[in-house]
Amino acid sequence: MANTSDIRKGLCIRYNHDIYKIVEFLHVKPGKGPAFVRTKLKSVTTGKVIDNTFSAGHKIEDVRVETRSYQYLYAEGDTFHFMNTDDYNQIALQKSSLDSPELLKEGEVVTIIFNTEDSLPLSVEMPASVILEVTHTEPGVKGNTATNATKPATVETGARINVPLFINEGDKIKVDTEKGAYMERAKE
């Protein structure tokens, strides 16, 4: 058993007869009244996201988890296939267990979180950023903006991302996997 002071991003807890992963949390200490922790929880079984508030000192049941490195192989409909980088065993996971499947490129190494009690995969942790090639974007005309303007671009995985006007087709860009947003032009 843990309490609210142990809450951190990525922690898996048992709540309402299901296993949830903490996506966001904020410790709030109002001037009047007791402190509390506002959380955003994602169900690892259904993918549903809920908001919940725990009062300070509230006991939470954490789930013991183990992380392993896997390489993404290919997608088949809503099923994504991964290979363990240590023993080459393959597993198939549903699209709902991935945080941002549209940014997953073949050959990408991800971390899969397993429940240690029953060895079932709980969720897939993407790297903080991925480098993707722009496959389609409208040409940006120089000098037609007063501030930093963006345009839509399609990357090699099929995802649509807003990029600055100076990005052209064939450029490699660094994308934040958490927000699905452009970070910078990739250095070759």
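Everything that follows concerns the structure shown earlier in this document.
First things first, this report covers the structure right here in the doc. What you see is a predicted model; the values in this text were computed from it and never measured.

### A closer look at the sheet that holds strand β6 (residues 59-62)
Item 1. If you trace the six strands from one edge of the open sheet to the other, you get β1-β6-β2-β3-β4-β5, paired in antiparallel fashion. The two strands at the open ends of the sheet, each matched to only one other strand, are β1 (2-3) and β5 (49-55).
Item 2. Bridge count for strand β2 (residues 12-15) against β6 is two bridges, and the pairing is antiparallel. Within the sheet, the bridge partner assigned to Ile13 lies in β6 and is Asp62.

### Comments concerning the pattern of salt bridges
Item 1. This model, assessed by the stated rule, comprises nine salt bridges.
Item 2. The shortest N-O distance in the salt bridge between Lys21 and Glu125 comes to 2.7 Å. Here Glu125 lies in strand β11 (residues 121-125) and Lys21 lies in strand β3 (residues 18-28), a separation of 104 residues in the sequence.
Item 3. Among the residues examined, Lys21 registers a relative accessible area of 8% and is labelled buried.

### Notes on the packing of aromatic side chains
Item 1. Counted under the stated rule, the structure contains five aromatic pairs.
Item 2. Centre to centre, the rings of Tyr15 and Phe54 are 5.7 Å apart; their planes meet at 75 degrees, and the pair counts as edge-to-face. Of the two residues, Tyr15 is situated in strand β2 and Phe54 in strand β5; the sequence distance between them amounts to 39 residues.
Item 3. Taking the centre distance of 5.9 Å and the plane angle of 40 degrees together, the rings of Tyr70 and Phe114 count as tilted. Taken as a pair, Tyr70 in strand β7 (residues 65-76) and Phe114 in strand β10 (residues 109-115) lie far apart in primary sequence, 44 residues in all.

Thresholds applied
- Residues numbered from 1 in each chain as written.
- Predicted model: local features only at pLDDT ≥ 70, side-chain atom pairs only at ≥ 80, totals over all residues.
- Heavy atoms only, no water.
- Pairing = 2+ DSSP bridges.
- Helix = DSSP H or I, 4+ residues; strand = E, 2+ residues; numbered from the N terminus.
- Salt bridge = Lys/Arg side-chain N within 4 Å of Asp/Glu carboxyl O.
- Buried < 20%, exposed > 50% of the residue type's maximum accessible area, 1.4 Å probe, protein only.
- Phe/Tyr/Trp six-rings, centres within 6.5 Å; stacked < 30°, edge-to-face > 60°.

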